[in-house]
Amino acid sequence: MKIGVLAVQGDIREHANMIEKIGHTPVRVKSVETLNEVEGLIIPGGESTTISKLMKKTGIWEELKKKAQEGFPIFGTCAGMIVVSKGIANYPQQETMGLIDIYVERNAYGRQVFSFEEILKFQGKDIKVTFIRAPKIVKYGDNVEKLIEFKDAPVLVRENNILAASFHPEIEDDPSVHQYFVENMVAKKQVK
């Protein structure tokens, strides 16, 4: 399958490598045209305000909102989680896409120098995850499924066709989270 990685800013190469690792074709999405060629999209970590501005400038912002309403699978990691959220508690003036019923706090787990790794349970097995200037989910709706929790807060959540992670699954060797996105969300979407 062709899995898009939003290629305007952030951990683009690392996500593309992970998609290749699980046997699919990564496509770097920089335009509406390439967005329309893929079966799902990953919005990587990076700087959420920059990513949002560049998405609007290229027309991807509006097109992706439309596609999301039609069930198009989207996976936002770190800054990508901020972009797809309903709002930002500590930066309410920053516009978000409102695709998943979560409210986040930017940089809630500390600045870059306080980055850390944790071993957390995902689908019955231990996976190593890395938090880098990570957002924290401070509020979420009843339909949001909590897939991984850390210190009483969900850090991997799903609502319908939207998956969001506080951490960076692309910088570890374990492809479990990417596999979940592709197998349980992108592949299942195609069947419908």
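Quick look at the structure, then. (Residues numbered from 1 in each chain as written. Predicted model: local features only at pLDDT ≥ 70, side-chain atom pairs only at ≥ 80, totals over all residues. Heavy atoms only, no water.)

Looking now at the environment of Ala7. With respect to the helices and strands, the residue Ala7 is situated in the loop between β1 (2-6) and α1 (12-21). Residue class for Ala7 comes out buried when judged on its relative accessible area of 10%. In sequence terms Ala7 and His168 are 161 residues apart; their C-alpha atoms lie 16 Å from each other. Once residues lying within four places of it in the same chain are set aside, the contact partners of Ala7 are Ile12, Arg28, Val29 and Lys30. (Helix = DSSP H or I, 4+ residues; strand = E, 2+ residues; numbered from the N terminus. Buried < 20%, exposed > 50% of the residue type's maximum accessible area, 1.4 Å probe, protein only. Contact = heavy atoms within 4.5 Å.)

All right, on to the pattern of salt bridges then. Here the structure, examined in full by the defined rule, presents nine salt bridges. Residue Glu14 pairs with Arg13 through a salt bridge whose shortest N-O separation is 3.9 Å. Residue classification places Glu14 among the partly exposed residues on the basis of a relative accessible area of 23%. Owing to a relative accessible area of 53%, Arg13 belongs among the exposed residues under this scheme. One salt bridge connects Asp174 with Lys125, and the closest N-O pair in it is separated by 3.4 Å. Placement of Asp174 in the loop between β12 (162-165) and α6 (176-191) and of Lys125 in strand β8 (residues 125-131) is noted, with a sequence separation of 49 residues between them. Residue Asp174 is classed as partly exposed on the basis of its relative accessible area, which comes to 23%. When its relative accessible area of 39% is taken as the criterion, Lys125 is described as partly exposed. Salt bridges linked by common partners bring Glu117, Lys128 and Glu172 together as one network. (Salt bridge = Lys/Arg side-chain N within 4 Å of Asp/Glu carboxyl O.)

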